[in-house]
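# Notes for the structure review
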Amino acid sequence: MRRTTATWVLLGLAAIGSALVTPPEILLAPILEPVVSAPSSPPPIRDVRPIATVTPPIYAPELSAPPTRLDVPPLNRWMVPIGGRNLLVIRHAMRHGRCAEALDHLQTAAHEVSVDYIALARPVWRCFDRHVASHAEHHRARSAPEMGPVFAWLGSPPIDEDHAVPFWYRPASSGIEMRLERYTADALLREALTASMGSARLADGFARDVQLEWLAARALAQLSAEDRTPDLVAQWARRVFYVTWALGQAPGELLATHRPDVSRGLREALSAMLEAPDVPSVVHEAHDVARGGKPAPR
């Protein structure tokens, strides 16, 4: 059946009317995606376990930074002998970190064989920096048992030393204390090190050495009276002795000249520690002997 123009108009009006009465959600159904709500998650469970307390270290070196130094060309007044057993022994000991052995052979060869062996003073000195002082500087200890390696790096007395002499007064057989003693006692060694390194750089090294001794003494002073065994008190007295002694000897003279801040700070800190009422008498005795206020034990 042929549709007229009026028929098409009526059909269009009917379509428009149907659209007006149709709900919007039906018209937009192909466009709108259904919204699906996410399942509710349970609340997070709080960890109610107690937090473990961290014991602060009693020994954690924080040293005064040395000032910037210009490199001083070494004044080589001696020529290292070529070959020979002494040279081989010294270099072999340094290569394996046996610095005390290297220093022993160096001094013996320089004084008894040829003074030219003293030209090796600087590398032997650096051996202590790398294998002894560096370890003591970067060690951390939270209790007295963890201080054992520090005591070895600072200097332990000979095993066969006469026990009638107090532990804190026995000469060192290795470590930082051995270096302090040998520098003070050997004029040739002092001359060679000053010529090859300069007094300012030597003072920087001694500043580290004596500060490490002091920090070990301070660590032992922090122990409670119950934890202060006779051995630890002896170690405490030894550290106080070497700090006091070094400040009054050749190393202390270099510190007073080139690192007066360190020298002054060590003296003030040591005096403040000794004023505490619970300091053992042996620690005071070691301090008095080191500064010359009391005769040395025999």
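Let us look at the structure shown here. Predicted model, so just to flag it, every value in this text is computed and none were measured.

Another aspect to go through is helix α11 (residues 250-258). Regarding α11, the residues found buried are Ala250, Pro251, Gly252, Leu254 and Leu255. Against α7 (175-185), α8 (187-197), α9 (199-221), α10 (230-247) and α12 (260-274) lie the buried residues of α11.

Attention now moves to the nonpolar core. In globular proteins that are soluble, nonpolar side chains generally tend to be buried together. Within the largest apolar cluster, 78 residues are counted, with the highest numbers of intra-cluster contacts made by Tyr59 and Met147. Broken down by element, the residue count for this core peaks at twelve residues, all from α9. When near neighbours in sequence (up to four residues on either side) are disregarded, Met147 contacts Ile58, Tyr59, Ala141, Ala216 and Ala219.

Another point: the environment of Ala60. Locating Ala60 in the fold gives a position in the loop between α2 (24-27) and α3 (85-95). On the basis of relative accessibility, which here comes to 26%, the residue Ala60 falls in the partly exposed class. Each C-alpha atom, one on Ala60 and one on His139, is 6.8 Å from the other, the two residues being 79 residues apart in sequence. Apart from residues lying up to four places away in sequence, Ala60 is in contact with His139 and Arg140.

Turning to α8, a few remarks are in order. Residues of α8 that are buried: Leu188, Leu189, Ala192, Leu193, Ala195, Ser196 and Met197. Against the buried residues of α8 lie α4 (99-112), α5 (121-138), α7 and α9. Structurally, the start of α8 carries an N-cap: the backbone nitrogen of Leu188 is 3.0 Å from a side-chain oxygen of Asp186. Following α8 by one or two positions, Gly198 adopts a phi angle in the positive range, close to 90 degrees.

Moving on to the packing of aromatic side chains. Counted according to the given criterion, the structure contains eight aromatic pairs. Taken together, a centroid distance of 5.7 Å and an interplanar angle of 50 degrees make the contact between Trp168 and Phe241 tilted. Taken together, the residues Trp168 in the loop between α6 (148-154) and α7 and Phe241 in helix α10 connect sequence positions 73 residues apart. You can call Trp168 buried: its relative accessible area is 3%. By relative accessible area, Phe241 is classed as buried at 6%.

Positionally, Thr244 belongs in helix α10. In this view, Thr244 contacts Leu270, His287, Ala290 and Arg291; residues no more than four positions away in its chain are not counted.

What follows covers the environment of Ala185. The topology assignment puts Ala185 in helix α7. Overall, the relative accessible area of 69% leaves Ala185 in the exposed class. Between the C-alpha atoms of Ala185 and Gln249, which are 64 residues apart in sequence, the distance is 9.8 Å.

Rules behind the numbers
- All residue numbers here refer to positions counted from 1 along the written sequence of the relevant chain.
- Selection of residues for local features in this predicted model requires a pLDDT of at least 70, selection of side-chain atom pairs for listing and counting requires 80 or more, and totals for whole chains, interfaces and linings are taken over all residues.
- The basis for every side-chain value is the complete set of non-hydrogen atoms in the structure, without hydrogens or water.
- Type-normalised accessible area, obtained with a 1.4 Å probe on protein chains alone, sets the label of each residue: buried when under 20%, exposed when over 50%, and partly exposed for intermediate values.
- Strands are runs of DSSP state E lasting at least two residues, helices are runs of H or I lasting at least four, and both sets are numbered from the N terminus onward.
- Residue contacts are counted whenever heavy atoms from the two residues lie within 4.5 Å of one another.
- Residues belong to one nonpolar core when they are buried, are Ala, Val, Leu, Ile, Met, Phe, Trp, Tyr or Cys, and are joined through side-chain atoms within 4.5 Å.
- Here a polar contact is recorded for every N or O atom pair within 3.5 Å, except that within protein the pair must consist of a potential hydrogen donor and a potential acceptor, and residues adjacent in sequence are included only if both atoms are side-chain atoms.
- Only centres within 6.5 Å qualify two rings of Phe, Tyr or Trp (six-membered ring in Trp) as a pair; their planes then separate them into stacked at under 30 degrees, edge-to-face at over 60, and tilted for everything else.

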